[in-house]
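For reference, the chains in residue letters:
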Amino acid sequence: MTHTPPADAPATHADPLHTELRRLTDGLRTALELGGDTLRQETVQDAQALLDRVDQRMRLGEEHTVVAFAGSTGSGKSSLFNAVAGLEIARVGVRRPTTSKPTACVWGSGGEEILDWLDVPVQSRSWRESALDGDDQSALHGLVLVDLPDHDSTAVEHRLESDRMVGLVDVVFWVVDPQKYADYSLHSGYLSSFAEHSTAMVFVLNQIDRIAPEDRDSAVQHFTSLLAADGIPDARVRPASAVTREGVADLRGILAETVAAKRAVTERLLADVRTINAQVRAEIGDPPQGVADIRGAQDLVSAMVDAAGVDAMAQTVHDDHLRRAYKRTAYPVFAWMQRSKADPLGSKHGADRDDLVRAAAPEVTLAQRARVSLAAHDLVDTAVSGMPAVWRNRVAREERTSAEALAENLDEAITAVEVPRMQPGWWTAAGILQMLFLIATCLGLVWLVLQILAILGLGLEAGPLLWAAPAVLLVGGVVGSFLVSSWASRKRQQGAREASADITQRLQAAIRSTAESSFLEPITAVVDEHRRIHDGLS
């Protein structure tokens, strides 16, 4: 749910803080929706409770800023609360009732809805507005100041109420005294987990009047160093005294600035969301590298290429190309003599290309199947080794399902590959030249034989010119056939190699596509879902 700002308030849709809060809460919702079953139940409950709180607090608006004074027994926070309010609102010492409920003071009008949401009792609510005040309190209009029960109280209900309210308010003023500012329960139980909340906290070293003037700066510096050790290096530490009123004006100035900025609500919620998002990221782990691009992918493709008999099919295409090219481009007499040579594709020669592929593909052996399965498993195992066990199990389920269909999908991919039956134009040219040179050879030979018979039978004499014509035809035909045959032989070998390389490339591409789509894609989808969750949280 979204909060609609008042008509006179600036639009919040362009505010970077609101945009960031919306982005991170959307990421957290996605994480719970897609990966909630991979998280600890406690984390899921905390995240859902935070999302509900974000919706509720933003729905209440940002016209009021809730600031709580929190502290331990004897820290003087109630006295300081009264000093800041300028009224005796919170009861102090033995006069204070032993109640687990907070006390609240509101500057200006309104605030009832927020106080209801905070569950502040009606009898513990006050409004700081009087005609006698004039404009003295106007800088704090919109402030809801809450005095919390002691967080170290011996009464369990007091501690629980203090913890609950600290989780709801927009800003916390941690009030400590000179004897307890290094208290272990404060630093380990609260502040060590509030590193993201530096803008939502102010630390007040109260009862500063009890420290010698020359030691006050040292005490503030020591307290600041302890907070830095808690992961809050930029903590705002202010000395104060409810007795002497030292520092009270400074605290009111901080409150006035906080109210005027109207950022405390979003900053506090952002800090809470960042904290829980970091916890969720820690549980789901970092996303692995891209599955299809890792080194093991080539091992899988190589195993599948071997199992599919790509080399054997490429050799078959090579031999088939040579055979067909020889029939079309070789010396006609030799080509005719080769007709009785066994067809490399057997009876399948000249049939559909799917039949050619099936005829050339050898049977896949058990060893080859095992190699494919092992390569697939190693690929996935390497890709997801850094993921938590729950996510690895998700991937493992997809792997088993995909692996079962891998062999069938591989066979379908191979048989779907078109094997072009290339017939280059030079085949026709070479065939024509071979036939012309054969005719020339035959004409020259017949001419010479007939001329010799005529000379021998009739006793005629033939001059040099008479012998030249048939000799040119004969020699020219033989030499031409030799030259064309040599040229055609080189072209046939080159064409066969190109045909073999082409079908190898086609088959490997089909196999890689099968590996990526049929096997890797379902697994990649799980990894991408994990990455989407991870990236949406940061």
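Residues numbered from 1 in each chain as written. Predicted model: local features only at pLDDT ≥ 70, side-chain atom pairs only at ≥ 80, totals over all residues. Heavy atoms only, no water.

(A) Expanded view of the nonpolar core. Formed by 60 residues in total, the largest nonpolar core has its most connected members in L300, M304, I511 and F519. Breaking this core down by element, the ones donating at least two residues are α1 (16-35), α2 (41-60), α9 (264-284), α10 (296-308), α11 (310-329), α14 (366-383), α15 (389-415) and α17 (464-536). For this core, the leading source of residues is α17, giving twelve residues. Core analysis: the next-biggest nonpolar cluster, separate from the first, contains 36 residues, I114, L148, V166 and F203 among them. (Core = buried A, V, L, I, M, F, W, Y, C linked by side-chain atoms within 4.5 Å. Buried < 20%, exposed > 50% of the residue type's maximum accessible area, 1.4 Å probe, protein only. Helix = DSSP H or I, 4+ residues; strand = E, 2+ residues; numbered from the N terminus.)

(B) Up close: unusual backbone geometry. The phi angle at Q207 is positive, at roughly 55°, despite the residue not being glycine. Tracing the sequence through the fold places Q207 in the loop between β6 (201-205) and α7 (216-229). Relative accessible area serves as the criterion here: at 14%, Q207 is assigned to the buried category. Despite not being glycine, K262 shows a phi value in the positive range, around 50°. Tracing the backbone shows K262 in the loop between α8 (248-261) and α9. The exposure class assigned to K262 is partly exposed, which follows from its relative accessible area of 35%.

(C) Structural view of the side chain of S75. Here S75 lies in the loop between β1 (65-71) and α3 (77-85). Accessibility expressed as a relative area gives 0% for S75, which makes it buried. Excluding anything up to four places from it in sequence, S75 contacts V175, V176, D177, N206 and Q207. (Contact = heavy atoms within 4.5 Å.)

(D) Local environment of the pairing of β6. Buried residues dominate β6, accounting for five of its five residues. The alternating pattern of β6 places M201, F203 and L205 on one face and V202 and V204 on the opposite face, and all of these are buried. Judged from the three bridges that link them, β6 and strand β7 (residues 237-239) form a sheet pairing that is parallel. Pairing of F203 across the sheet is with V237, part of β7. Between the parallel elements β6 and β7, the chain passes through α7 in a crossover that is right-handed. (Pairing = 2+ DSSP bridges. Right-handed = clockwise from strand over helix to strand, strands pointing away.)

(E) Molecular detail of the environment of T30. Positionally, T30 belongs in helix α1. Setting aside chain neighbours within four positions, we find T30 in contact with G35, R532 and I533.

(F) Here's a closer look at the packing of aromatic side chains. Under the defined criterion, the tally for this structure stands at six aromatic pairs. Seen from their ring centres, F69 and F81 are 6.1 Å apart, and the 85° between their planes marks the pair as edge-to-face. Remark: F81 occurs in helix α3 and F69 occurs in strand β1; sequence separation between them is twelve residues. We note that F69, like F81, is buried. Taken together, a centroid distance of 5.4 Å and an interplanar angle of 70° make the contact between W426 and W487 edge-to-face. Taken together, the residues W426 in helix α16 (residues 425-458) and W487 in helix α17 connect sequence positions 61 residues apart. Since its relative accessible area comes to 32%, W487 is described here as partly exposed. Through pairs of rings, three or more aromatic residues link up here, namely F69, F81 and F173. The ring of W391 carries the charged tip of R394 above its face, separated from the ring centre by 4.5 Å. (Phe/Tyr/Trp six-rings, centres within 6.5 Å; stacked < 30°, edge-to-face > 60°. Lys NZ or Arg CZ within 6 Å of the ring centre and 35° of its normal.)

(G) Summary view of the pairing of strand β4 (residues 143-147). With five of five residues buried, β4 lies mostly within the body of the structure. Both faces of β4 are covered, namely the face carrying L143, L145 and D147 and the face carrying V144 and V146. As defined by bridge partners, β1 adjoins β4 across five bridges and the pair is classed as parallel. By the bridge assignment for β4, V66 is matched with V144.

(H) The arrangement of the environment of F203 in detail. Within the element layout of this structure, F203 appears in strand β6. In this structure, the C-alpha to C-alpha distance between F203 and P239, residues 36 residues apart in sequence, is 8.5 Å. For F203, the residues in contact, after removing those within four places along its chain, are W174, L191, F223, L227, I232, A235, R236, V237 and R238.

(I) α7, seen in detail. For α7, which comprises 14 residues, the first-to-last C-alpha distance of 20 Å matches the rise-based estimate of 20 Å (1.5 Å per residue) to within 8%. Within the sequence span of α7, burial applies to R216, A219, V220, F223 and L227. One side of α7 carries all its buried residues, which in axial view fall inside an arc of 100°. The exposed set on the far side of α7, more than 90 degrees from its buried face, consists of D217, Q221 and A229. G231 sits one or two residues past α7 and shows a positive phi near 95°. (Expected span 1.5 Å × (residues − 1). Arc of directions from axis to C-beta.)

(J) Just the pattern of salt bridges, in detail. Summed over the entire model, instances satisfying the criterion amount to 22 salt bridges. With its nearest N and O atoms 3.2 Å apart, the salt bridge here joins R263 to E267. The exposure class of E267 is buried, given its relative accessible area of 18%. Residue D320 is joined to R324 by a salt bridge in which the shortest nitrogen-to-oxygen separation is 3.1 Å. Here D320 and its partner R324 are both found in helix α11, four residues apart, which amounts to about one turn of the helix. Relative accessible area serves as the criterion here: at 9%, R324 is assigned to the buried category. One salt-bridge network, in which partners are shared between bridges, spans D26, R29 and D55. (Salt bridge = Lys/Arg side-chain N within 4 Å of Asp/Glu carboxyl O.)

(K) Local environment of the packing of α3 against α8. Put simply, α3 and α8 touch, their axes get as near as 10 Å, and they point 70° apart. With respect to each other, α3 and α8 are oriented roughly perpendicular. For the pair formed by α3 and α8, the contact residues are L80, A83 and V84 on the first element and V248, L251, R252 and L255 on the second. (Axes fitted to C-alpha atoms, helices over the stretch in contact; angles between N-to-C directions. Parallel < 35°, antiparallel > 145°, perpendicular 65-115°, else oblique.)

(L) Main features of α2. End to end, α2 covers 29 Å across 20 residues, agreeing with the expected 28 Å (1.5 Å per residue, within 8%). Burial in α2 covers these residues: T43, V44, A47, L50, L51, R53, V54, D55, R57, M58 and L60. Residues of α2 that are buried make contact with α1, β1, α4 (112-118) and α9. At the C-terminal side of α2, G61 shows a positive phi close to 90°.

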